[in-house]
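Listed here are the chains, written in short residue letters.
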Amino acid sequence: MGEDKVAVYIPKDLYEEIKKRVDLSGGEFKNVEEYVEFVLREIVKEEEEEEFEYTPEEEEKIKERLRGLGYL
Amino acid sequence: MVDCIVVVSYLKVILVGVDGATYWVIRELLPRLKGFNKLTEEGVVCGLRTTLPPLSSCAWASIYTGVRPSRHGLFDFVGIGNDYGVHGMGFVNALRYPVFWSLLGKFGFRSVVVNPPMIYPAFKVNGVLVSGWPSPKLSVYPSRFGKILREVGYRIDVDGLEGRFRKDPDGTVDDLVEVAKVRGEACFRLSEELGNWDLMFPVFTICDRIQHFALGRNGWRKWVLKAYRVVDEFIQRALRLLRDEDEGLLFIVSDHGFQPIRKTFLVNSWLVKKGFAKLRYSHFRSLIREYIVNGISLRTIYWGASHKRLASLVGKINNLFLGGAPKRGRFSINDFVLRKTLAFASGTISPATFIWINDDRFRYFAIKRSKKNLVKEKLIDALLDIKDGSKENIVRDVVDVENLYDGNGQSNLVSPDLMVIANNEYTIDPWYVSSSYVVSPSVYRHGDHSFEGVFAAAGPSVNRLRNFDFCGVLDIAPTILNLFNIDTPPWMDGISLIDPDLLLKSRLKNSLKIKVKIIERKMRGTSRK
């Protein structure tokens, strides 16, 4: 059974540009959809990774480690 | 799904990161280091240029990304906010450039990365990642590998080293050796558990820790040898593994070198003395305040003494009985009368540190931005003219870094204006103010960073390497990628050490190129935060 999918519209010239790259990929990407999905997944993944923030306690622990080495 | 491409490679690569490993120290200890000896006989061991400043944070970030500090932005451990607050600059995780093992993962190569400094928390990788110093706590991806670390008794580092070294140097060194041995064991165990790994990349921090304390002291070899021996044992085991399992390459890389320190330049004391900064307290009052906070000792009297002869006498007694100057960390920028302070220094104690002009980027500025160039010029001239005694220059160079180190793209950090680089055997301390601006090194910091680390390579493919006499930390990431037939991404500043004419051409190369382009495009489109 396939994943649930929804349609997203992109400009035709962009579609053509991607299609050229798909052809150049020597079979790595089967079609435009696969290429677009790969790029979007990469970007979403990075966004998720960037959300991390340190707590004040963690920040203090980091400074403590630096002081412990005589760096500060 | 096209998450990765399966590339069949005959290579396994073990990249051993050794924080602070130094070429000249290795040469001196070589007869007693079997692994390094083997590398010298069968491969190459040479110096490695580090970054400016020569700090672990920015050098490791450059090793991982192949990008200069001025571009990746992690130029120190801490930065200054416009409220003069000292803030952590964050970890490599937040940088816009990917680390080389993430790129390898995108091409299907599996890595085991243990203790990479400035990586926290552990993020998703194709393989295993154990966060590195100065992680506030241990972080592992995937978390199921944490069991192995608990079993071997893994520790990030030995805490509170400065104080421990002073009280019990031999015990502290032994503890560091234990931590390093466990780290090596953990790396092999994790690799075994993962299976089919392509890159093993542990980072040892023991050489940095022991050299800070030991270099420049009598009998330094005894302690330093222990540090290099632990690493050497790991190298010997790694060479055996590569020989037994497969054809493979072994690399050694350090983030910076080390040098013995004869003198410490108290840069903020100098700024006060030359009228660029004004203390909130008189020297006498600040001394009394210091005595109240820290107690009266020969150390505090020594650093506080104005009279040359008294300072010299107390210094001799201090060095003889107490082992050096006092602890640092008592000074903060708020101890200055900010409206009357044109410039101040901050950052990590090292042979290169930063000066900020207190202009209208700051809350209590003393000068408008439009007039700062005049102050900068005066400062550069004065800094380059500082002499220790009558002849020796303390400062080797002053670099205008405005617009270069732009506060790591973090809106709460202000870009420094000048970078001061000390001459050999001096370090720069912005955390202490005294009437003298040149003092003996502290008990802990008898050794400090230098600009030449070490690079080594051995294995059947080493003859495909070139230019290793001129290599720098920026060249490591492109080299590792090239070993796996991945082209150097266009955003990297480093140059691969592999001769392009000899680089194996994979039938998948074209499709690999396309993937690199995708990542590149994505990065160009990501605005700096």
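Residues numbered from 1 in each chain as written. Chains lettered and ligands numbered in written order. Predicted model: local features only at pLDDT ≥ 70, side-chain atom pairs only at ≥ 80, totals over all residues.

J.: Residues and numbers for the overall build of chain B, please.
T.: In terms of helices and strands, chain B carries 17 helices and 21 strands. Taking all 529 residues of chain B together, 52% fall into the buried category. Residue pairs at least 24 apart in sequence account for 70% of intrachain contacts in chain B once pairs closer than 6 positions are excluded. (Helix = DSSP H or I, 4+ residues; strand = E, 2+ residues; numbered from the N terminus. Buried ≥ 20, exposed ≤ 12 C-beta atoms within 10 Å, placed from the backbone. Contact = placed C-beta atoms within 7 Å.)

J.: Before we move on, could you go through the overall build of chain A and cite the residues and values that matter?
T.: A count of helical and extended segments in chain A gives three helices and zero strands. What you see in chain A, going N to C, is helices and strands ordered as α-α-α.

J.: Any details on the nonpolar core? Residues and values, ideally.
T.: Residues and elements named next belong to chain B. If you look at the biggest cluster of nonpolar residues, it comprises 154 residues, and the most contacted ones within it are Val-16, Ile-210, Phe-251, Ala-343 and Val-420. Of all the elements, helix α10 (residues 220-245) adds the most residues to this core, at 11 residues. Two domains each put at least three residues into this core: domain 1 (12-249 + 473-525) and domain 2 (263-440). The residues touching Phe-251, leaving out its near neighbours within four places in the chain, are Val-13, Leu-15, Val-16, Ala-456 and Ala-457. (Core = buried A, V, L, I, M, F, W, Y, C linked by C-beta atoms within 7 Å. Domains from an automatic or database assignment.)

J.: Give me the confidence of the model for chain A: which residues, what numbers.
T.: Atom-level detail of predicted coordinates should not be read off regions where pLDDT is low. For chain A, per-residue confidence averages 79 on the pLDDT scale, and 82% of positions sit at 70 or higher. Mean pLDDT in chain A bottoms out at helix α2 (residues 32-50) of chain A, which sits at 72, and peaks at helix α1 (residues 12-24) of chain A, which reaches 89. (pLDDT = per-residue confidence, 0-100.)

J.: I'd like to hear about helix α2 (residues 34-42) of chain B, residue by residue, with values.
T.: Along α2 of chain B, the residues classified as buried are Gly-35, Phe-36 and Leu-39 of chain B. One face of α2 of chain B carries all of its buried residues, which in axial projection span an arc of 95°. (Arc of directions from axis to C-beta.)

J.: Got a sec to walk through the sheet that holds strand β13 (residues 352-357) of chain B? Specific residues and values, please.
T.: Residues and elements named next belong to chain B. Taken together, the four strands give an open sheet; going across it, the order is β12-β13-β17-β16, and neighbouring strands pair in antiparallel fashion. Pairing within the sheet leaves two strands with one partner each, and these edge strands are β12 (343-346) and β16 (395-400). Here the average twist between neighbouring strands, direction ignored, is 25°. Here four bridges tie β13 to strand β17 (residues 418-422), and the two strands are oriented antiparallel to one another. Residue Phe-354 lies in a different strand from β17, and its bridge partner there is Met-419. Here helix α15 (residues 372-384) sits on the sheet in contact with β12, β13, β16 and β17, set at roughly 165° to β16. (Pairing = 2+ DSSP bridges. Axes fitted to C-alpha atoms, helices over the stretch in contact; angles between N-to-C directions.)

J.: Summarise the domain arrangement of chain B; cite the residues concerned and give the values.
T.: Residues and elements named next belong to chain B. Under the domain assignment, chain B is made up of domain 1 (12-249 + 473-525) and domain 2 (263-440). Contact with domain 1, which involves 23 residues of that partner, is made by 25 residues of domain 2. Secondary-structure elements contributing two or more residues to the side of domain 1 that touches domain 2 are β3 (78-80), β4 (86-88) and α7 (161-167). Among the elements that take part in the side of domain 1 that touches domain 2, β3 stands out by supplying three residues, more than any other.

J.: Run through the packing of helix α8 (residues 169-194) of chain B against helix α9 (residues 206-214) of chain B, naming residues and quoting values.
T.: Residues and elements named next belong to chain B. Look at α8 against α9: their axes get within 10 Å of each other, and the N-to-C directions meet at 165°. Between α8 and α9, the angle is such that the two are roughly antiparallel. Helix-helix and strand crossings are classified by hand; for α8 and α9 the assignment is left-handed. Counting all contacts with α8, which are made through Val-173, Leu-176, Val-177 and Ala-180, the residues of α9 involved are Ile-206, Arg-209 and Ile-210. (Parallel < 35°, antiparallel > 145°, perpendicular 65-115°, else oblique. Left-handed = near helix turned anticlockwise from the far one by under 90°.)

J.: Account for the environment of Ala-366 of chain B, with residues named and values stated.
T.: All names here are of chain B. Note on placement: Ala-366 falls in the loop between β13 and α15. Expressed as a C-alpha distance, the spacing of Ala-366 and Phe-201, which sit 165 residues apart in the sequence, is 48 Å. Not counting residues up to four positions away in its chain, the partners in contact with Ala-366 are Leu-338, Arg-339, Lys-340, Thr-341, Leu-342 and Asn-358.

J.: Tell me about the pairing of β17 of chain B, and name the residues and values.
T.: All names here are of chain B. Of all five residues making up β17, five are buried, and the element is well covered by its neighbours. In β17, alternate side chains face the same way, and those of Leu-418, Val-420 and Ala-422 on one face and Met-419 and Ile-421 on the other are all buried. Relative to β17, β16 runs antiparallel, the two being bridged by five bridges. Looking across to β17, one finds that Val-399 is bridged to Met-419.

J.: Tell me about the sheet that holds strand β18 (residues 426-429) of chain B, and name the residues and values.
T.: One key point about sheets: their strands pair by backbone hydrogen bonds, in either a parallel or an antiparallel sense. All names here are of chain B. Spatially, β18-β11-β19 is the arrangement adopted by the three strands of the open sheet, whose pairing is mixed. Unpaired on one side and paired on the other, β18 and β19 (438-439) mark the two borders of the sheet. By the bridge criterion, four bridges tie strand β11 (residues 263-266) to β18 in an arrangement that is parallel. Across the sheet, residue Thr-264 finds its bridge partner in β18, namely Thr-427.

J.: Just give me the short version of the environment of Ala-94 of chain B, but keep the residues and values in it.
T.: All names here are of chain B. If you trace the backbone, Ala-94 turns up in the loop between β4 and α5 (100-106). On the basis of neighbour counts, which here come to 17 C-beta atoms within 10 Å, the residue Ala-94 falls in the partly exposed class. In this structure, the C-alpha to C-alpha distance between Ala-94 and Asn-482, residues 388 residues apart in sequence, is 25 Å.

J.: Before we move on, can you summarise unusual backbone geometry with the specific residues and values?
T.: Residue and element names in this part refer to chain B. Cis geometry is found at the peptide bond from Leu-52 to Pro-53, where omega equals 0°. Cis geometry marks the peptide bond from Tyr-120 to Pro-121; its omega dihedral reads -10°. Inspection of the secondary structure puts Pro-121 in the loop between β5 (111-114) and β6 (127-130). Backbone geometry places Tyr-84, a non-glycine residue, at a positive phi of 70°. Considering the arrangement of structural elements, one finds Tyr-84 in the loop between β3 and β4. Given 20 C-beta atoms within 10 Å, Tyr-84 falls into the buried group.

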